[in-house]
Amino acid sequence: MDILWLMPIHPISEEGRKGTLGSYYAVRDYYGVNPEFGTMDDMCALVDSIHAYGMHVIIDWVPNHTGCDNVWVKTHPEYYARNAKGEMYGPYDWTDVYKLDYKNPATRRAMTDAMAFWLKKAGIDGFRCDVAMEVPTDYWNEARIELQRICPDLFLLAEASNADLTEHAFDMAYNWPMKDLFNAVAATAGEYTFVAPGESAPRKYEEKHAIDIASLALGQREQFPADAYLMNMVTNHDLNSWEGTEFQRYGRLTSAMAVLSFTLPGMPLIYTGQEAGMDRALQFFEKDTAPDFESNPDMTSFYKTLAALKHSRRELRAGAAPGFEPIDTGNKDVLMFRRTNADDVRSYTLVCVNLGKGDVLVSLPPDIAYSQNIIGANISATDFSEVQGREPAPSSIGVTFAPGGYIVAPVDR
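The shown structure was predicted, so the numbers you read here are calculated from the model rather than taken from an experiment.

Colleague: Hey, could you run me through the nonpolar core in this one?
Modeller: In summary, soluble globular proteins display a tendency toward joint burial of nonpolar side chains. Membership of the largest hydrophobic core comes to 53 residues, with the highest contact counts inside it found for M43, W118, I124, F127 and W140. Taken together, the elements giving at least two residues each to this core come down to helix 1 (40–52), strand 2 (56–61), helix 2 (71–75), helix 3 (105–121), strand 5 (126–129), helix 4 (137–150) and strand 6 (155–158). If one sorts the elements of this core by residue count, helix 3 sits on top with 7 residues. Excluding anything up to four places from it in sequence, F127 contacts I58, I59, W61, M115, W118, L119, L147, F155, L156 and L157. A256, M257, Y303 and L355 belong to the second-largest nonpolar core, a separate cluster that totals 35 residues.

Okay, structure coming up:
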């Protein structure tokens, strides 16, 4: 499934606005289109053009709160939560929004009606739901049923890592735990260099290694429903603005982490500019410009290769109890695993990455000799054709991986 996720398209509130742009998560009107982007007709035409390419489109939806001057503030103040003083308020330090009250059935009805409007009017295929865990799960379960009557192939992405949200309502959840682990592994390897605004040094993380990624992935397989997706990522709008670019967080390990985002169980995210090698943070509350698509052709080619692999290899598809088999290498900084397909035990994809500080000699399984399309970088020069078809097959194939070195080998016996 190819899904284009449009970040908030609604008019941005002006009251309490942060910066000159404001937060696009402070919605002024759930039924409107930000005039800086165009009109409703423009939006409908865009969705039609995306569908013409065989892709799906979801829009960012902000159900937990609205901007302080949202039309509902005056027309339906009963939709909002109140503090001890009886005042509308924003969660956390979000002073530009007011929190909605889901104890009120009318609030629930209004929110579902607003979402239904976009399915009917613009013909979108679903929603990415902001801070979905802040809205009651039972609301999402109810809304899913109603919205799916309008859009049978509805796709819902939760900005949350709560397994209960994927039991009935959401198709995919954020893999925040994996993102945090990626950061910790990179920090352990000495690659995390980003210094957040107002801080004097890079953030500290608990020591973690490549093998911890396998443990997390296995645990998530038990935690989440078999048909749930987890969204893997090396960057997104929040990470880029607040935690640094993928290059600042992963350094020499960046490409290897991207490989994992495509080959671990789940669905990968490509954020604006990632495919072009953008190496700067976009300002969150200010207008900024994304890079040209071809700013780094090598990076674009890299992601095209990964995307083609994700499409072509059945064992790499998200959902439906994906086969994930870690292989012990005897080195905590090396992660090797097979992605398998229960319908064809002779075909699988082998992945190996070095996420440590130094070079590592790894013994790869002999079946790699049967791979015709090996993808790799930062590894010793090895001519795999020398062992392809050899009888008997070698017991193992030794390859030296530099830090950030990786191999992805589709095997068909």
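Colleague: Teacher, can you tell me more about the layout of surface pockets here?
Modeller: Which parts of space are left empty comes out when a probe the size of a water molecule is rolled across the atoms. Here the second largest pocket defines a volume of roughly 710 Å³. M7, P8, Y24, F37 and D288 are, among the 28 residues lining the second largest pocket, the residues nearest its centre. Put simply, the parts of the chain that give the lining of the second largest pocket at least two residues each are helix 1 and helix 8 (237–243). No other element matches the 3 residues that helix 1 contributes to the lining of the second largest pocket.

Colleague: For this particular structure, what's the right way to read the side chain of S371?
Modeller: Of note, S371 is situated in the loop between strand 13 (360–364) and strand 14 (375–379). With relative accessibility at 1%, the residue S371 sits in the buried group. Among the polar contacts made by the side chain of S371, one reaches the main-chain carbonyl oxygen of P410 at a distance of 2.8 Å.

Colleague: Mind showing me how you'd approach the state of the cysteines here?
Modeller: Here a disulfide denotes a covalent bond joining the sulfur atom of one cysteine to the sulfur atom of another. Applying the stated criterion across every chain, the model contains 0 disulfides. The structure places no disulfide on C44, whose sulfur is separated from the nearest cysteine sulfur, that of C151, by 14 Å. C129 takes part in no disulfide bond, and the closest cysteine sulfur to it belongs to C151, at a distance of 13 Å. Taking the relative accessible area as the measure of exposure, C129 reaches 0% and is therefore buried.

Colleague: In this structure, what is going on with the pairing of strand 6? I would like to understand it.
Modeller: Successive side chains on a regular strand alternate, one facing one side of the sheet and the next facing the other. Going residue by residue along strand 6, you find F155 and L157 tucked away on one face and L156 and A158 tucked away on the opposite face as well. Where strand 5 lies against strand 6, 4 bridges are found, and the strand directions are parallel. Note that in strand 6 the partner of C129 across the bridge is A158. Note that strand 6 and strand 7 (residues 172–174) share 2 bridges and pair parallel. Considered in strand 7, the bridge of L157 is made with M172.

Colleague: Would you mind showing me how to read the environment of E275 here?
Modeller: Secondary-structure assignment places E275 in the loop between strand 9 (267–268) and helix 11 (297–312). Spatially, the C-alpha atom of E275 lies 5.0 Å from that of T300, the residues being 25 residues apart in sequence. A distance of 3.3 Å separates a polar atom in the side chain of E275 from the backbone nitrogen of G273.

Colleague: Please clarify how the sheet that holds strand 7 should be interpreted in this entry.
Modeller: Taken in spatial order, the 7 strands line up as 1-2-5-6-7-8-9 in an open sheet, and their pairing is parallel. Two strands lie at the open edges of the sheet, namely strand 1 (3–6) and strand 9, each paired on one side alone. In this structure, strand 1 lies alongside strand 2, joined through 4 bridges in parallel fashion. Paired with L4 across the bridge in strand 2 is V57. Here helix 1 sits on the sheet and contacts strand 1 and strand 2; the angle it forms with strand 2, its principal contact strand, is near 140°.

Colleague: Just to check I follow, could you spell out the packing of aromatic side chains for this structure?
Modeller: A full pass over the atoms with the stated rule returns 24 aromatic pairs. For the cation-ring pair, R249 lies above Y250, with the distance from its terminal atom to the ring centre recorded as 4.8 Å.

Colleague: Would you mind going over the side chain of N354 with me for this structure?
Modeller: Position of N354 relative to the elements: it lies in strand 12 (residues 347–354). When its relative accessible area of 0% is taken as the criterion, N354 is described as buried. Among the polar contacts listed, one links the side chain of N354 to the backbone oxygen of F401, at a separation of 3.1 Å. For N354, the contacting residues outside a window of four places in its chain are L253, D333, V334, D359, V360, F401, A402, P403, G404 and G405.

Colleague: Honestly, helix 10 (residues 254–263) in this entry has me stumped. Any pointers?
Modeller: Count 3.6 residues to each turn of an α-helix, and residues three or four apart come out pointing the same way. Among the 10 residues in helix 10, 9 count as buried, and that is most of the element. Every buried residue of helix 10 is listed here: T254, A256, M257, A258, V259, L260, S261, F262 and T263.

Definitions and cut-offs
Residues numbered from 1 in each chain as written. Predicted model: local features only at pLDDT ≥ 70, side-chain atom pairs only at ≥ 80, totals over all residues. Heavy atoms only, no water. Core = buried A, V, L, I, M, F, W, Y, C linked by side-chain atoms within 4.5 Å. Buried < 20%, exposed > 50% of the residue type's maximum accessible area, 1.4 Å probe, protein only. Helix = DSSP H or I, 4+ residues; strand = E, 2+ residues; numbered from the N terminus. Contact = heavy atoms within 4.5 Å. 1 Å grid on protein atoms, 1.4 Å probe; cavity = no way out; pocket = protein on both sides within 12 Å on 5 of 7 lines; lining within 4 Å. Points joined across faces, edges and corners; volume = space filled by probe spheres on them. Polar contact = N/O pair within 3.5 Å; in protein donor to acceptor, adjacent residues only side chain to side chain. Disulfide = S-S within 2.5 Å. Pairing = 2+ DSSP bridges. Axes fitted to C-alpha atoms, helices over the stretch in contact; angles between N-to-C directions. Phe/Tyr/Trp six-rings, centres within 6.5 Å; stacked < 30°, edge-to-face > 60°. Lys NZ or Arg CZ within 6 Å of the ring centre and 35° of its normal.

Shape descriptors only; they carry no functional weight alone.
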